[in-house]
Amino acid sequence: MKKQSAVLVTGGAGYIGSHVVRQLAEVGERVIVLDNLSTGFAESVLHGDLIVGDTGDRDTVLAILREYRVDAVMHFAAHTVVPESVRDPLKYYGNNTSSTRNLLECCQEAGVKHFVFSSTAAVYGTPDGGLASEETPTRPINPYGRSKLMSEWMLHDLSQVTDLNYVTFRYFNVAGCDPYARIGQSTPNATLLIKVACETAIGKRAQLKIFGTDYPTPDGTGVRDFIHVEDLAEAHRLGLEYLRNGGDSSVFNCGYGHGYSVREVLDSVQRVTGKSLTIEEVARRPGDPPRLIADSGRLHQRLGWKPRYDDLDFIVETAWNWERRVSAPKSQGPWLAPVR
Ligand code: UD1
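The rules behind the values
Residues numbered from 1 in each chain as written. Predicted model: local features only at pLDDT ≥ 70, side-chain atom pairs only at ≥ 80, totals over all residues. Heavy atoms only, no water. Axes fitted to C-alpha atoms, helices over the stretch in contact; angles between N-to-C directions. Helix = DSSP H or I, 4+ residues; strand = E, 2+ residues; numbered from the N terminus. Parallel < 35°, antiparallel > 145°, perpendicular 65-115°, else oblique. Left-handed = near helix turned anticlockwise from the far one by under 90°. Contact = heavy atoms within 4.5 Å. Near = heavy atom within 4 Å. Polar contact = N/O pair within 3.5 Å; in protein donor to acceptor, adjacent residues only side chain to side chain. Areas by Shrake-Rupley, 256 points an atom, 1.4 Å probe, with all protein chains shown as cover. Nonpolar A, V, L, I, M, F, W, Y, C, P; charged D, E, K, R; others polar. Core = buried A, V, L, I, M, F, W, Y, C linked by side-chain atoms within 4.5 Å. Buried < 20%, exposed > 50% of the residue type's maximum accessible area, 1.4 Å probe, protein only. Domains from an automatic or database assignment.

Draft legend 1. Structural view of the packing of helix α1 (residues 15-26) against helix α7 (residues 229-244). Where α1 contacts α7, the two axes come as close as 9 Å, and the packing angle between them is 60°. In terms of their interaxial angle, α1 and α7 are classed as oblique. Seen along the crossing, α1 lies across α7 with a hand that is right-handed. Counted together, Tyr15, Ile16, His19, Val20, Arg22, Gln23 and Leu24 of α1 and Val229, Glu230, Leu232, Ala233, Glu234, His236, Arg237 and Leu240 of α7 form the full contact between these two elements.

Spelled out as structure tokens, the structure:
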């Protein structure tokens, strides 16, 4: 019997990768996860085979690609903390850029046909007006954004001389968790706003800070385009289908096309959790753009993407349920957030 081809998901034990693995398995894909568990968790891999290893390890990667007859790779394994990338740039260029180069070389050798790359809105830096389309010039302002942009370029250049087709997804602010709280975001020392706010609401942190209240925005705080991780994962599934149907290599912004301010997010967290947060207003965080919103028309038009969870309170509710689940005995469920 012919063996089913498989999808290799690097970083599949991490926050976004684990949600994509779950969705792929739900539609019958054979999934192999390669993750070094530096920030991911084996328990987050609900389906498929987990191989603990590094994308920079040529022998391991090549063996997996050949053994499992991998036709498509989804590459999530990366470091993602902007301030850390400023302090330790080579860590980012090593893991996010050099290891991606290794992975691409292995894909070329093993004849992998399709590649889905996890990139970031950080490649735009601070775009004029705070709205970015895929045509907006890329001017990253930190090593994290540059490390991802270099990988985008490698992928593009490789696709020009091989029959590999690819999609690059540039994520805006990913948030929320599986609506059934089976998996979630457990990144240690999290810096992302909604995660930090939920940790504060549950008492893991005494207070949280608003970085900057003097931005040229309606309430003076930063504005971001928050996208639910389930909708983002769905875009990846559609991207894979598109590539297998012979779609042209392309870059897609992933966001809802509208934003919320930091204060609006914190109001939502207090409303959903019923907890009052201790908030300190401090100076701007270096490198933060005032406003960053996706023009995501291409994702809708070319991949037929129809987001289901464009609702700030729902995003927060799923993040909150996960926070409660990991902080409390399992018996205190149920954790199903009402689907809107
Ligand atoms: C950034 C990156 C993004 C990356 C992510 C993870 C850019 C443009 N975006 O998103 O690509 O994936 O980091 O590292 O570089 N805030 C507070 N208090 C907090 C935390 C955040 O006020 O405790 C504010 C920030 O100043 C910002 C907003 O909340 O205005 C969102 O911040 P955050 O959740 O950290 O994400 P980004 O910095 O937008």
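So that's the structure; there's more coming.
Draft legend 2. Quick look at the side chain of histidine 236. In this fold, histidine 236 is placed in helix α7. Residues in contact with histidine 236, not counting those within four places in the same chain, are Val20, Met74, Phe76, Val116, Phe169 and Tyr171.

Draft legend 3. Spatial organisation of the site of the ligand. What surrounds the ligand is a group of 21 residues, the closest being Thr80, Thr120, Lys209, Arg224 and Asp288. Leucine 193 is positioned with one of its backbone polar atoms (N or O) 2.8 Å from an oxygen atom of the ligand. Take aspartate 288: an N or O atom from its side chain is 2.6 Å from an oxygen atom of the ligand. Notes on the ligand: free accessible area 750 Å², of which the protein chains cover 91%. Only α6 (193-202) and β9 (208-211) provide two or more residues apiece to the shell around the ligand. Sorting elements by how many residues they give to the shell around the ligand places β9 first, with 3 residues. Residue classes in the shell around the ligand are distributed as 11 nonpolar, 6 polar and 4 charged.

Draft legend 4. Just the nonpolar core, in detail. The biggest cluster of nonpolar side chains holds 55 residues, and the ones touching the most others in it are Ile16, Met74, Phe169 and Ile194. Sort the elements by how many residues they give to this core and α7 lands first, with 8 residues. The residues that make up this core include at least three from each of domain 1 (6-176 + 226-254) and domain 2 (193-224 + 257-325). Once residues lying within four places of it in the same chain are set aside, the contact partners of phenylalanine 169 are Val116, Phe117, Ser118, Ser119, Thr120, Ala235, His236, Gly239, Phe252, Cys254, Leu299 and Leu303. Listed in part, the 23 residues of the second largest apolar core include Ala6, Ile32, Leu34 and Val73.

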